[in-house]
Amino acid sequence: MASPAAVISSLLFYSFIAASTVAANFHGDFDITWGDGRGKIVNNGDVLTLSLDKASGSGFQSKNEYLFGKIDMQLKLVPGNSAGTVTAYYLSSKGSNWDEIDFEFLGNLSGDPYILHTNVFSQGKGNREQQFYLSFDPTADFHTYSILWNPQRIIFSVDGTPIREFKNLESMGVPFPKDQPMRIYSSLWNADDWATRGGVVKTDWTQAPFTASYRNFNANACIWSTGSSSCSSNSPTASNPNNEWLSQELDSSNQERLHWVQKNYMIYNYCADTKRLSQAGF
């Protein structure tokens, strides 16, 4: 595992910018759902900001529901001393047996790297966490965080580099999120009881308000509305090459990049947590 100092170095040789660069208008695609004015859409709808102060955080959700898609969003995270804060960006369905695909960014003391926390819920069951250090300062500029979700797999990517693949293993009895449409959500909130070093480092409210920014949202996805999908099938067709992501998988080059990232930047993998697995009876 790379040291915290090393992870700030650039990975540009291994990274490429995600292909999705078309910015949607946040007024048309998202609703600010909570925060009493702490969430704002600015720059004629091109940028959305969420803020957190001692009173509360803020959050938004997409107007559309999706059942499979390639979702891109550029984020610039809370700068400075962000300890205790969590910026969550995720897909989720509703109900007690919900599905969910998570990016969560755990704030840290100034100079220490953010931790990128990923998780996948299916039928209400999560506990499938993988965590990574980022190879850059995510507060200095916008970076693209992508979720590719099709019936075979979920791929998490950062600036086009895959960092995690969650495969459909229903044949082995593992539920996979493929039947419930999901909305896109994001929130900025205080979690200093656990977010930074297990809750040892608390939020410094003298640094508030804490602000994260969003831009260049793009969804090449199947929109779910009134019980049906905008995609005619769950597989790409010659007449619609834009939905090739419906069967996309990692080629050998991207598999190598994925393994390189996991070898050098992964700091937690639920599959390797033998103590936790033994406590769960596995």
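Please read these numbers as outputs of a predicted model, since none were measured by experiment.

Cut-offs used in this document
- Residues numbered from 1 in each chain as written.
- Predicted model: local features only at pLDDT ≥ 70, side-chain atom pairs only at ≥ 80, totals over all residues.
- Heavy atoms only, no water.
- Helix = DSSP H or I, 4+ residues; strand = E, 2+ residues; numbered from the N terminus.
- Buried < 20%, exposed > 50% of the residue type's maximum accessible area, 1.4 Å probe, protein only.
- Contact = heavy atoms within 4.5 Å.
- Areas by Shrake-Rupley, 256 points an atom, 1.4 Å probe, with all protein chains shown as cover.
- UniProt positions renumbered as here; feature names shortened; annotations may be inferred.
- Core = buried A, V, L, I, M, F, W, Y, C linked by side-chain atoms within 4.5 Å.
- Salt bridge = Lys/Arg side-chain N within 4 Å of Asp/Glu carboxyl O.
- Pairing = 2+ DSSP bridges.

**Q** Can you help me understand the overall build of the chain in this one?
**A** Looking only at helices and strands, the chain features three helices and 16 strands. The 282 residues of the chain split such that 50% are buried. Within the chain, residue pairs in contact and separated by at least 24 positions form 68% of the contacts whose partners lie at least 6 positions apart. Just so you have it, the chain exposes about 13,100 Å², and 50% of that area is on carbon and sulfur atoms.

**Q** Explain the UniProt feature "glycosylation site" (unreviewed entry) in the chain to me, please; I cannot follow it from the model alone.
**A** In the numbering used here, UniProt assigns the "glycosylation site" (unreviewed entry) feature to Asn108. Mapping asparagine 108 onto the fold places it in the loop between β7 (100–106) and β8 (115–121). When sequence neighbours within four positions are dropped, the list of residues in contact with asparagine 108 reads Gly80, Asn81, Ser82, Ala83, Pro113, Thr196 and Arg197.

**Q** Please clarify how the nonpolar core should be interpreted in this entry.
**A** Soluble, globular proteins show a tendency: their nonpolar side chains are buried together. Counting 54 residues, the largest nonpolar core has Met73, Phe103, Trp149, Ile154 and Tyr214 as its most contacted members. By size, the runner-up hydrophobic cluster in this structure holds six residues, among which are Val86, Leu106, Ile115 and Ala191.

**Q** Explanation requested: the pattern of salt bridges in the structure shown.
**A** When the charged atoms of two side chains with opposite charge come close together, those side chains can pair. Summed over the entire model, instances satisfying the criterion amount to seven salt bridges. When the shortest N-O distance is used, the salt bridge between aspartate 72 and lysine 70 registers 2.7 Å. Taking the relative accessible area as the measure of exposure, lysine 70 reaches 21% and is therefore partly exposed. Its salt-bridge partner being aspartate 179, residue lysine 178 comes within 3.4 Å of it at the nearest N-O pair. With a relative accessible area of 52%, aspartate 179 lands in the exposed category. It is possible to trace a salt-bridge network through shared partners that takes in Glu170, Lys178 and Asp179.

**Q** Would you mind showing me how to read the pairing of strand β10 (residues 143–149) here?
**A** Consecutive side chains of a regular strand alternate in pointing toward one face of the sheet and then the other. Burial within β10 is extensive, with seven of its seven residues counted as buried. Judged by which residues are buried, β10 turns out to be covered on both faces: His143, Tyr145, Ile147 and Trp149 on one side and Thr144, Ser146 and Leu148 on the other are all buried. Relative to β10, strand β5 (residues 65–76) runs antiparallel, the two sharing seven bridges. Among the inter-strand pairings, isoleucine 71 is bridged to a residue of β10, identified as isoleucine 147.

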